[in-house]
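Notes for the structure review
Okay, here's what each chain looks like letter by letter:
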Amino acid sequence: MKESMQVMFQKAKPFLAVVFLQAGLAGMDIISKAALNEGMSNYVFVVYRHAVATIVIAPFAFALDTKIRPKMTTSIFVKIMLMSLLEPVIDQNLYFLGMKYTTATFAAAMANILPALTFVIACFFRLEKVKVMSIRSQAKIIGTLATVAGAMIMTLVQGPHINLPWTRSGIDHAHHHGEVSLHHTIKGAIMITIGCLAWACFMILQAITLKTYPAELSLTAWICLLGTAEGAALALVMEKGNSSAWAIKWDTKFLAAAYSGIFCSGIAYYVQGVVMKERGPVFVTAFSPLSMVMVAIMSSFILAEQMFLGRIVGAIVIVLGLYFVVWGKAKDYKSPLGEDQEIMPIKQSTLLSENNIGNGSNSNLEVVTSIVPNGKAVEEGDREFLGRK
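Residues numbered from 1 in each chain as written. Predicted model: local features only at pLDDT ≥ 70, side-chain atom pairs only at ≥ 80, totals over all residues. Heavy atoms only, no water.

**Details of the overall build of the protein chain**
Rule in force here: The secondary structure listing takes helices from DSSP runs of H or I that are at least 4 residues long and strands from runs of E that are at least 2 residues long, numbered from the N terminus. Any residue under 20% of the maximum accessible area for its type is buried, any over 50% is exposed, and the rest in between are partly exposed; the area is computed with a 1.4 Å probe on protein chains only. Contacts: residue pairs with any heavy atoms within 4.5 Å of one another. Reported accessibility uses the Shrake-Rupley method at a 1.4 Å probe radius. Residues are deemed covered only where the shown protein chains occlude them.
The secondary structure content of the protein chain amounts to 14 helices and 6 strands. Evaluated residue by residue, the protein chain yields a buried proportion of 47% over its 389 residues. Long-range pairs, those at least 24 residues apart, make up 82% of the contacts in the protein chain with a sequence separation of at least 6. Summed over all atoms, the accessible surface of the protein chain reaches about 20,100 Å², with 67% contributed by carbon and sulfur.

**Description of helix H5 (residues 114-124)**
Those residues of H5 not exposed but buried are Leu-114, Pro-115, Ala-116, Thr-118, Phe-119, Ile-121 and Ala-122. Following H5 by one or two positions, Arg-126 has its phi on the positive side, about 60°.

**A short note on the environment of Ile-113**
Mapped onto the fold, Ile-113 is located in the loop between helix H4 (104-110) and H5. Since its relative accessible area comes to 6%, Ile-113 is described here as buried. Each C-alpha atom of the pair Ile-113 and Leu-197 lies 8.8 Å from the other, and the pair is 84 residues apart in sequence. Among all residues touching Ile-113, those that are not within four sequence positions of it are Thr-147, Ala-151, Thr-193 and Cys-196.

**As for the nonpolar core**
The condition that has to hold: The nonpolar core is taken to be a set of buried Ala, Val, Leu, Ile, Met, Phe, Trp, Tyr and Cys residues, with the residues joined through side-chain atoms within 4.5 Å.
Of all hydrophobic cores here, the largest spans 71 residues; its most connected members are Tyr-95, Phe-96 and Phe-202. Among the elements that line this core, the one with the most residues is helix H8 (residues 182-212), at 12 residues. With residues near it in sequence (within four places) discarded, Tyr-95 still touches Met-28, Asp-29, Ala-107, Ala-108, Ala-111 and Ile-192. The next biggest cluster of nonpolar side chains, apart from the first, holds 5 residues, and it includes Tyr-43, Val-47, Leu-97 and Ala-235.

**Considering the pattern of salt bridges**
The cut-off we apply is this: The term salt bridge refers to a pairing of a side-chain nitrogen on Lys or Arg with a carboxyl oxygen on Asp or Glu at a separation within 4 Å.
Going through the model one piece at a time under the given rule, you end up with 1 salt bridge. Across the salt bridge formed by Glu-216 and Lys-277, the nearest N and O atoms sit 3.1 Å from each other. With Glu-216 in helix H9 (residues 216-238) and Lys-277 in helix H10 (residues 252-279), this pair connects stretches of sequence that are 61 residues apart.

**Focus on a nonpolar patch on the surface**
What counts here: Within this analysis, patches are made of residues with over 30% relative accessible area and no salt bridge. Like charges are joined at 9 Å or less; nonpolar side chains (Val, Leu, Ile, Met, Phe, Trp, Tyr) at 5 Å or less.
A cluster of nonpolar side chains, Val-148, Met-152, Leu-156, Val-157, Leu-182, Ile-186, Ile-190 and Ile-194, forms an exposed patch at the surface whose accessible area comes to about 690 Å². The set of elements that each furnish at least two residues to the nonpolar patch consists of helix H6 (135-156) and H8. Ranked by the residues each element gives to the nonpolar patch, the list is headed by H8, at 4 residues. Mapped onto the elements, Ile-194 comes out in helix H8. A relative accessible area of 43% means that Ile-194 is categorised as partly exposed.

**Some thoughts on the side chain of Ser-41**
Here Ser-41 shows up in the loop between helix H1 (2-37) and helix H2 (42-64). Not counting residues within four places of it along the chain, the set of residues in contact with Ser-41 comprises Glu-239 and Ala-245.

**Re the side chain of Asp-65**
Worth spelling out the cut-off: Positive charges come from Lys and Arg, negative ones from Asp and Glu, while His and the chain ends are left out of the count. In protein, a polar contact requires one atom able to donate a hydrogen and another able to accept it; more generally it is a pair of N or O atoms within 3.5 Å, and residues adjacent in sequence count only if both atoms are side-chain atoms.
Positionally, Asp-65 belongs in the loop between H2 and helix H3 (74-101). No salt bridge forms around the buried Asp-65; measuring N to O, its nearest opposite-charge neighbour Arg-69 is 5.0 Å away. Of note is the side chain of Asp-65, whose polar atom sits 2.8 Å from the backbone nitrogen of Ser-218. Beyond its immediate sequence surroundings of up to four residues, Asp-65 is in contact with Phe-60, Ala-215, Glu-216, Leu-217 and Ser-218.

In structure tokens:
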């Protein structure tokens, strides 16, 4: 019983890890939106976030990765610099700018195009296999297209307003909190989409880098440190002459920087790196809808954001599309050699004549072979002579 529970826990660990990850990201969307509404600069916010992450993660990386941390090479350092530019700087700044123009719920829902973008890029780098005639490949393709379609519905279709009991008190202030113009919606959607593209590239590059630098904590510390430096350079340019933007007190702004730095940069980069080594980048990003659902519920309570039918329909389409993608990935994980194809051992007994043996005697020779997807027979063991006459 105890052993079976341990086996179940081992199998469930990747799923529990990504659910924990999405719960942390959902909290970040709510707290960050509140800080941005209070006038916090998104550029400064990104810097403080990764500075906190570096301070928290670096000691653990230094102490725990001593034996497994490989030597830093120029190639690895360049990859880390690129990752620090893609996610901490490009993605997060564009994501938070897009959130400023829209709402926390809309930003979280638009981020659901991340699995689709990751899937396409993974196929390009051959980290994901696609066969057009395969049922699971067709499911992943259909799911990817449905995800994009759902994001477009959320962006362009508003529909009637959905009255929720706990948001009615905020209807008078809807124009300031929940409702945004179509112009701002499109602008925010474009920014979030570009940010998600950078995020997807970051995930793929992280998966590639972990193959040559398999120290997740150290890699996380490097990303946060370089992200702080690169983000600070951008913030100094964008907030030039506005020294008040760097002021921070014991308020929502500080809470947002601390929370997102510890949970959504430090812990998140580490957890997704660990899961990615086992299941791949597409698996990690496929659970984004959980964050969207959590944000939609919490933001309607905390921020009194208004809901619209178009966004609900778009969200449902996104979830259905991602279900197809996850289903296809699950089939991939169960049958890594290809759909409905397994290695099947076949015993072949061959009677070799004197001419074949060349020593004047006959022998029974048993050869164990396997049929692989390309149709070739591969010998799986040494030839064993069962007897001589």
